[in-house]
Amino acid sequence: MLQDVMDTGESMVKILKSSKADDELRKVREKQQSFFERHMDTMKTITLVLNGVVQCEDEASQKLLDMERQKSQAEWELDSLEQELQQCTARSQNMDSELQFLQRKLESLRVSEQELQTLQQEVDDDTTEVIPSAIYVAQLYYKVTKIKWEYDTEPHILRGVHYGADLATPINIDTSVLSRCSVSDELWNFVSTEW
């Protein structure tokens, strides 16, 4: 295009020289020079604008790449956090289950401890009240009846020894075949009525 303008300008100069119109020729040359300078300024401006567009595109591309990297990093971190959250949730549920189990176990132990304390109190009461009184009663029965009992027999067997004034008589009574009244009568027969 520039070449066409130059050719046209030269053609015009030739025509003007042939007509001897120097003034007109000078005006045309000035116009041509002015047109050429504007064209060059326009080309520089277009080049600057295109360079600016290219630079903007480069910057936009770099920003886009950076944002993509940041997005990928953020997605990776989000996935990582979600996995960690799932693991923590699972651990929390396990710990809650274990805590509930331990709380039930603790409550069971407390109940057992309370039962043991109650049992210990009963044993203490027995050792301070029942056993001494039972020992006293057993000693009293022995002094009255002169019968010494064996305690390691079957529950339905009464076994022991009656120590009379001059004779020791063994006792072996099966309470499952005799009535309570018969057993009582048989035992009272060993007791002396003499004081």
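Residues numbered from 1 in each chain as written. Predicted model: local features only at pLDDT ≥ 70, side-chain atom pairs only at ≥ 80, totals over all residues. Heavy atoms only, no water.

Q: Now, about a nonpolar patch on the surface: what can you tell me, with residues and values included?
A: Nonpolar side chains collect at one region of the surface, where Tyr136, Val137, Leu140, Tyr141 and Val144 lie side by side and expose about 490 Å² of accessible area between them. Looking at the element boundaries, leucine 140 is found in helix α2 (residues 22–145). (Patch = residues over 30% accessible without salt bridge, like charges linked within 9 Å, V, L, I, M, F, W, Y side chains within 5 Å. Areas by Shrake-Rupley, 256 points an atom, 1.4 Å probe, with all protein chains shown as cover. Salt bridge = Lys/Arg side-chain N within 4 Å of Asp/Glu carboxyl O. Helix = DSSP H or I, 4+ residues; strand = E, 2+ residues; numbered from the N terminus.)

Q: Kindly report on unusual backbone geometry, identifying the contributing residues and their values.
A: Phi is positive for lysine 146, close to 60°, though the residue is something other than glycine. Note on lysine 146: relative accessible area 38%, which makes it partly exposed. (Buried < 20%, exposed > 50% of the residue type's maximum accessible area, 1.4 Å probe, protein only.)

Q: Please give an account of the side chain of threonine 145 that cites residues and values.
A: Here threonine 145 lies in helix α2. Its relative accessible area of 15% is what places threonine 145 among the buried residues. Engagement of the side chain of threonine 145 in a polar contact is seen with the backbone nitrogen of isoleucine 147, the distance being 3.2 Å. (Polar contact = N/O pair within 3.5 Å; in protein donor to acceptor, adjacent residues only side chain to side chain.)

Q: Please give an account of the side chain of histidine 162 that cites residues and values.
A: Summarising the element assignment, histidine 162 is placed in strand β2 (residues 157–163). Separated by 3.2 Å, the side chain of histidine 162 and the backbone oxygen of threonine 145 make a polar contact. Those residues within four positions of histidine 162 in sequence are excluded, and the remaining contacts are Thr145, Lys146, Ile147, Leu167, Ala168, Thr169, Ile171, Phe190 and Val191. (Contact = heavy atoms within 4.5 Å.)

Q: Give me the sheet that holds β2: which residues, what numbers.
A: Spatial ordering of the open sheet is given by β1-β2-β3, a layout of three strands whose pairing is antiparallel. Two strands bound the open sheet, and with one partner strand each, they are β1 (147–149) and β3 (168–174). Pairwise comparison of adjacent strand axes, ignoring direction, gives a mean angle of 25° for this sheet. Pairing of β1 with β2, which is carried by three bridges, proceeds in the antiparallel orientation. Along β2, the bridge assignment pairs tryptophan 149 with glycine 160. Together, β1, β2 and β3 form the strand contacts of helix α3 (residues 180–188), whose direction differs from that of β3 by roughly 180°. (Pairing = 2+ DSSP bridges. Axes fitted to C-alpha atoms, helices over the stretch in contact; angles between N-to-C directions.)

Q: Give me the lowdown on the pairing of β2, citing residues and values where you can.
A: Pairing geometry for β2 and β3, over seven bridges, is antiparallel. Opposite leucine 158, over in β3, you have isoleucine 173 as the bridge partner. Where β2 folds back onto β3 in an antiparallel hairpin, the turn is made up of four residues.

Q: Got a sec to walk through the nonpolar core? Specific residues and values, please.
A: Membership of the largest hydrophobic core is limited to five residues, which are Ile147, Ile171, Ile173, Val183 and Leu187. Looking at this core, the elements with two or more residues in it are β3 and α3. When sequence neighbours within four positions are dropped, the list of residues in contact with valine 183 reads Leu158, Ile173, Thr175 and Leu178. (Core = buried A, V, L, I, M, F, W, Y, C linked by side-chain atoms within 4.5 Å.)

Q: Please give an account of a negative patch on the surface that cites residues and values.
A: On the surface, Glu68, Glu75, Asp79 and Glu82 cluster together into a patch of negative charge. A residue is classified by how much of its surface remains accessible, and aspartate 79, at 43% relative accessible area, is partly exposed. (Lys, Arg positive; Asp, Glu negative; His and termini not counted. Charge placed at Lys NZ, Arg CZ, Asp CG, Glu CD.)

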